[in-house]
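One letter stands for each residue in the lines below.
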Amino acid sequence: MYYVLLIFAYAVSLLPLWVLYRISDLLYLLVYYVAGYRKRVVMDNLRQAFPDKPPAEIKRLARKYYRNLTDMMVETIKLLTMSPKQLRRRFTCDLTVLHQLYAQGKSCQLHLGHNFNWEWANLFCMQGVQYPFLVVYMPITSKPADRLFRHFREKAGSVLLPANDISNSMAPWINKQYLIALVADQNPGIARRCYWYPFLNRMTAFYKGPEMSARRYDIPVVFVDIRKEKRGYYKAELKLMFEEPVNEPEGKITEAFVQYLEKNIREQPEVWVWSHKRWKHEYKG
C-alpha cells in the first residue's frame, strides 16, 4: 500500500501548481460541503475564540479555513518534486538569526504553531541552514500514511523524532549542535503534566517539554510566525525570544509563546488548524 501511495503522490506532484489548486478547489467542495470534515469542531472552536463575531463571519472564516486546508494538502504533495528555487520564490524568510546562533556554536529551538504551511517552512529552513535539522512529529496511526509523510519530511535530509519517544530520540543529539522545530501548540496527552494558560478565551494545556529542555540545556528559543500573503505564497518571521533560557523563571517561555501565537492567530485566523480537537482537557483550577 505504501508504494502505491508513493507512486500516486509523485505522479500528482508533477502537475503544475495551478492545476493542483484546481484540484484543491474540488477537494474544498467535497471536504466542506459533502463530507463536512470535523465541521462541528471547527465551528465550535471559532465561536469560542471569537464570541463577538456574528454567525455569518464565523461561517466565512470556516470556509476560508477549509480552503487553506485543502491547499495545504496539494502543496505538501508538491514538495516531492518542487525544486529549491521554486520553494524560495514562494516561501521567504530571513534566516540571519539562525546563522548567527550557529556561528556562536549554539543549538536552537524553533517554536511554532499549526499555521499553514509549516511543511514548506520546514523544507525552506532545512535547505537554508548549516545545522542538522530535527523535527518532532506525531506518528500517524495508519502505517502506510505515516511512512509516506515521513518520506515527505525526510526527503531533503531532516531528522524526524517521534513525539511519543522523544527522550530516546534526542539522546544521540544532546552533546551536538542542532536546530529543532517544535510545533508547540499540540494537545497534550496528560493534562496534569502541563502548563495552563488562557488561550483563545479558554484555559488551555500546553506541553512543558519544549521549555524544560530549553532551560535545562540553555538552548536559545526562536519563535516562528508564518503568514499567507496570497495563494501559494508565504512569508515567515523569526524572532529570537530567549537567548539564555537557563536564566528565565519557570513558565515564562511557554507563556510568552502562548501570547505570541494567539496574537498571530487573531491577526490571520484562517491559517491556523481549527479542526484539531485542541480542548480535550478541562481546567480543574
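See the structure shown above.
Reference entry: report on the structure contained in this document. (Residues numbered from 1 in each chain as written. Predicted model: local features only at pLDDT ≥ 70, side-chain atom pairs only at ≥ 80, totals over all residues. Heavy atoms only, no water.)

Brief notes about the layout of surface pockets
Here comes step 1: As a volume, the largest pocket reaches approximately 1200 Å³.
Here comes step 2: Put simply, the parts of the chain that give the lining of the largest pocket at least two residues each are α1 (2-13), α4 (55-78), α7 (118-128), β3 (133-137), α8 (143-154) and β5 (179-183).
Here comes step 3: Within the lining of the largest pocket, the residues separate by chemical class into 25 nonpolar, eight polar and seven charged.
Here comes step 4: The computed volume of the second largest pocket comes to approximately 760 Å³. (1 Å grid on protein atoms, 1.4 Å probe; cavity = no way out; pocket = protein on both sides within 12 Å on 5 of 7 lines; lining within 4 Å. Points joined across faces, edges and corners; volume = space filled by probe spheres on them. Helix = DSSP H or I, 4+ residues; strand = E, 2+ residues; numbered from the N terminus. Nonpolar A, V, L, I, M, F, W, Y, C, P; charged D, E, K, R; others polar.)

Some details on the pairing of strand β7 (residues 202-207)
Here comes step 1: Both strand β6 (residues 194-199) and β7 contribute to a ladder of six bridges, which runs antiparallel. Of the residues in β7, the one forming a bridge with Phe 199 is Arg 202.
Here comes step 2: Linking two consecutive strands that pair antiparallel, namely β6 and β7, is a turn of two residues; a positive phi of about 55° is found at Leu 200 within it. (Pairing = 2+ DSSP bridges.)

What about a nonpolar patch on the surface?
Here comes step 1: Residues Leu 26, Leu 29, Leu 30, Tyr 33 and Val 34 make up a contiguous nonpolar surface patch of roughly 510 Å² in combined accessible area.
Here comes step 2: Looking at the secondary structure, you find Val 34 in helix α2 (residues 17-35). (Patch = residues over 30% accessible without salt bridge, like charges linked within 9 Å, V, L, I, M, F, W, Y side chains within 5 Å. Areas by Shrake-Rupley, 256 points an atom, 1.4 Å probe, with all protein chains shown as cover. Salt bridge = Lys/Arg side-chain N within 4 Å of Asp/Glu carboxyl O.)

Side note on the pattern of salt bridges
Here comes step 1: What the rule picks out here adds up to 15 salt bridges.
Here comes step 2: The residue Asp 44 makes a salt bridge to Arg 47 at a minimum N-O spacing of 2.8 Å. Taken together, the residues span about one helical turn, with Asp 44 and Arg 47 both in helix α3 (residues 39-49) at a distance of three residues.
Here comes step 3: Of the residues examined, Asp 44 reaches a relative accessible area of 38% and is grouped as partly exposed. (Buried < 20%, exposed > 50% of the residue type's maximum accessible area, 1.4 Å probe, protein only.)

Describing the sheet that holds β5
Here comes step 1: The seven strands lie next to each other as β1-β9-β8-β2-β5-β3-β4, forming an open sheet whose pairing is mixed. Lying at the two open borders of the sheet, with one neighbouring strand each, are β1 (91-93) and β4 (159-162). Shown here is a sheet whose adjacent strand axes are inclined to one another by a mean of 25°, direction ignored.
Here comes step 2: Alignment of β1 against strand β9 (residues 233-242), held across three bridges, turns out to be parallel. The residue bridging Cys 93 from the neighbouring strand is Ala 236, located in β9.
Here comes step 3: Against the sheet, helix α6 (residues 96-103) touches β2 (108-112), β5, β8 (221-230) and β9, its axis set at about 40° to β9.
Here comes step 4: Packing against the sheet, helix α10 (residues 209-217) makes contact with β2, β5 and β8, and its axis sits at approximately 160° to β2. (Axes fitted to C-alpha atoms, helices over the stretch in contact; angles between N-to-C directions. Contact = heavy atoms within 4.5 Å.)

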